[in-house]
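Listed below are the residues making up each chain.
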Amino acid sequence: MSRRKSPLVSALFKLTRAGMRQSARIGKAAARQGIESGSKMAEGAGRMMKAVATPTDAPVPVTGGRWIDGRWGLGPLAMRRYRLFIPTGGSARKPLPLLLLLHGCAQDTAAFAAVTRAAATAKARGFAVLMPEQAQEANPQRCWNWFGSETRVGIETQILMSIVDHVVADYPRVGGPLFALGLSAGGSMALTLALRHPDRFAAVGSHSGAAPHSARTPLQAGQAMRGRRSPDGDALARHLAGRRLPPLVLIHGDLDAVVSFENARASADLWLELLPDGVTARERITEVQRGTRRKLTRSDWKTGRKPCVRLLRVHGMGHAWSGGAARQAFSDPTGPDALRLAWQFFASTMEQAVPVPV
């Protein structure tokens, strides 16, 4: 007599197999660009074994905050490592905001912490940062599984939300408003989390990410990344069932050859399409140039005085984190600081919004 497998275990096995088959095309394309960007760093063989384009030491201790390493998941087959940075300040009665920061393909949390300078910005602005790390068993190129079957994507989002719940339970002083931001596949996953759990997030953002819910297969994912597919707004509206999406910030280089800038437009259009009936947003466009850094075109949509969508087009930038650290893959030091730009938008939403439960 054969034993029946639990639905969760079966789904996790399918997730692992699907990740190995379906992610290769996207992950390899992104990894090639990252490896070219960091080719002078050498150690190509070891880099590919770890699926990290530019391996980096763990974040060092900093004055005014601390890094915490942990592991959590839905079970032995769905464990993920994470890094948590908590600056000084905050309490259980007045908790710090928490940013869920998701790396891109061919990155891990150490590399992404270096690229984004997460600790320095979090300490200066007074928020905590939670950085889960994708496992190679779930995706050989370390991409978050933003496309695929409902089961595959659903499990990925459940794992991430369970890590958030675990961290907030263990560290109550980071239980303030919850935000999500990611790069590339991490950006797509951040928006997917918002579409599935809109009541949990105060605001979300994507940097150089494909439009969420725009693909199920590798072929469709490639088309979406080239700007040839868009999300099904009607299906997502039925899923949301009247729930309002959190405010959205998008950052994208207009010369991105891996994920077309059209994805940023598609994500902005989706958020505007899913506004409640009778609610309209007005657009305002501003050109921003600071010093010698790359020029920005900022498009803001507001409903009344409340921020709804902000799209930041970084002129002349490819598939890279704007203003990131030098000598890192997927990092453009000549751009304006993406994490500071995103947090400016997130902070403006806190001024307008009621508290969102974590």
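About the cut-offs
Residues numbered from 1 in each chain as written. Predicted model: local features only at pLDDT ≥ 70, side-chain atom pairs only at ≥ 80, totals over all residues. Heavy atoms only, no water. Disulfide = S-S within 2.5 Å. Helix = DSSP H or I, 4+ residues; strand = E, 2+ residues; numbered from the N terminus. Buried < 20%, exposed > 50% of the residue type's maximum accessible area, 1.4 Å probe, protein only. Axes fitted to C-alpha atoms, helices over the stretch in contact; angles between N-to-C directions. Parallel < 35°, antiparallel > 145°, perpendicular 65-115°, else oblique. Contact = heavy atoms within 4.5 Å. Nonpolar A, V, L, I, M, F, W, Y, C, P; charged D, E, K, R; others polar. Phe/Tyr/Trp six-rings, centres within 6.5 Å; stacked < 30°, edge-to-face > 60°. Lys NZ or Arg CZ within 6 Å of the ring centre and 35° of its normal. Pairing = 2+ DSSP bridges. Core = buried A, V, L, I, M, F, W, Y, C linked by side-chain atoms within 4.5 Å.

## Quick look at the state of the cysteines
Item 1. Counted by the stated rule, this structure contains one disulfide.
Item 2. The partner cysteine of C105 in its disulfide is C143, sulfur to sulfur 2.1 Å. A torsion of 125 degrees about the S-S bond marks the disulfide between C105 and C143 as right-handed. Of the two residues, C105 is situated in the loop between β3 (98-102) and α4 (109-116) and C143 in the loop between β4 (128-133) and α6 (150-170); the sequence distance between them amounts to 38 residues. For the residue pair C105 and C143, the accessibility class agrees, reading buried in each case.

## Examining the packing of α6 against helix α7 (residues 185-196)
Helix-helix packing: each pair is described by the crossing angle between the helix axes and the interaxial distance.
Item 1. Put simply, α6 and α7 touch, their axes get as near as 10 Å, and they point 90 degrees apart. Our classification of the angle between α6 and α7 gives roughly perpendicular. Of the residues in α7, those in contact with E150, V153, G154, E156, T157, L160 and M161 of α6 are M189, T192, L193 and R196.
Item 2. Of the residues that constitute the contact of α6 with α7, the class distribution is five nonpolar, three polar and three charged.

## Quick word on the packing of aromatic side chains
Item 1. In total, this model carries eight aromatic pairs according to the counting rule given.
Item 2. Ring geometry for F179 versus F346: centroids 4.8 Å apart, planes at 25 degrees, classification stacked. With F179 in strand β5 (residues 178-183) and F346 in helix α11 (residues 338-352), this residue pair connects regions lying 167 residues apart in the sequence. Residues F179 and F346 agree in their burial class; the two are buried.
Item 3. Pairwise contacts between aromatic rings join F127, F179, W343, F345 and F346 into one cluster.
Item 4. Here the guanidinium or amino end of R152 rests over the ring plane of F147, the centre of that ring lying 5.1 Å away.
Item 5. Directly above the ring of F261 sits R313, whose terminal nitrogen or CZ lies 4.7 Å from the centroid.

## A closer look at the sheet that holds strand β9 (residues 296-303)
Item 1. Taken together, 10 strands build an open sheet; the order of strands is β1-β2-β4-β3-β5-β6-β7-β10-β9-β8 and the sheet is mixed. Edge positions in the sheet fall to β1 (65-73) and β8 (282-288), since each has one partner strand and no second. Between one strand axis and the next, the sheet turns through 15 degrees on average, direction left out of account.
Item 2. Direction of pairing for β9 relative to strand β10 (residues 306-314): antiparallel, over a ladder of eight bridges. Residue pairing in the sheet places S299 in a bridge with L311 of β10.
Item 3. Across the sheet, α4 touches β1, β2 (79-87), β3, β4 and β5, and the angle it forms with β4 is around 140 degrees.
Item 4. Sitting on the sheet, helix α10 (residues 262-273) touches β6 (203-207), β7 (248-253), β9 and β10, and the angle it makes with β7 is about 165 degrees.

## Concerning the pairing of β6
Item 1. Buried residues dominate β6, accounting for five of its five residues.
Item 2. Pairing geometry for β5 and β6, over five bridges, is parallel. Bridge pairing in β6 places G182 opposite S206.
Item 3. Of the strand pairs in this sheet, β6 and β7 are connected by four bridges, and their pairing is parallel. Residue pairing across strands places H207 opposite I251, the latter belonging to β7.

## Quick look at the packing of α7 against α10
Item 1. Where α7 contacts α10, the two axes come as close as 13 Å, and the packing angle between them is 10 degrees. Classified by the interaxial angle, the pair formed by α7 and α10 is roughly parallel. Side by side, α7 and α10 meet where L191, A194 and L195 of the first sit next to S267, L270 and W271 of the second.
Item 2. Looking at side-chain class alone, the contact of α7 with α10 contains five nonpolar, one polar and no charged residues.

## Here's the deal with the nonpolar core
If you look at soluble globular proteins, the nonpolar side chains tend to sit buried side by side.
Item 1. Counting 47 residues, the largest nonpolar core has L84, L98, L102, L130, L193, V204 and W271 as the members making the most contacts within it.
Item 2. In terms of residues, this core owes the most to one element, α6, which gives eight residues.
Item 3. Among the nonpolar cores identified, the runner-up in size contains 37 residues, and A118, A122, F179 and W343 belong to it.

## A closer look at the environment of V60
Item 1. Inspection of the secondary structure assignment puts V60 in the loop between α3 (44-50) and β1.
Item 2. For the pair V60 and A110, spaced 50 residues apart in sequence, the C-alpha separation works out to 9.9 Å.

Just geometry here; none of it tells us what the structure is for.
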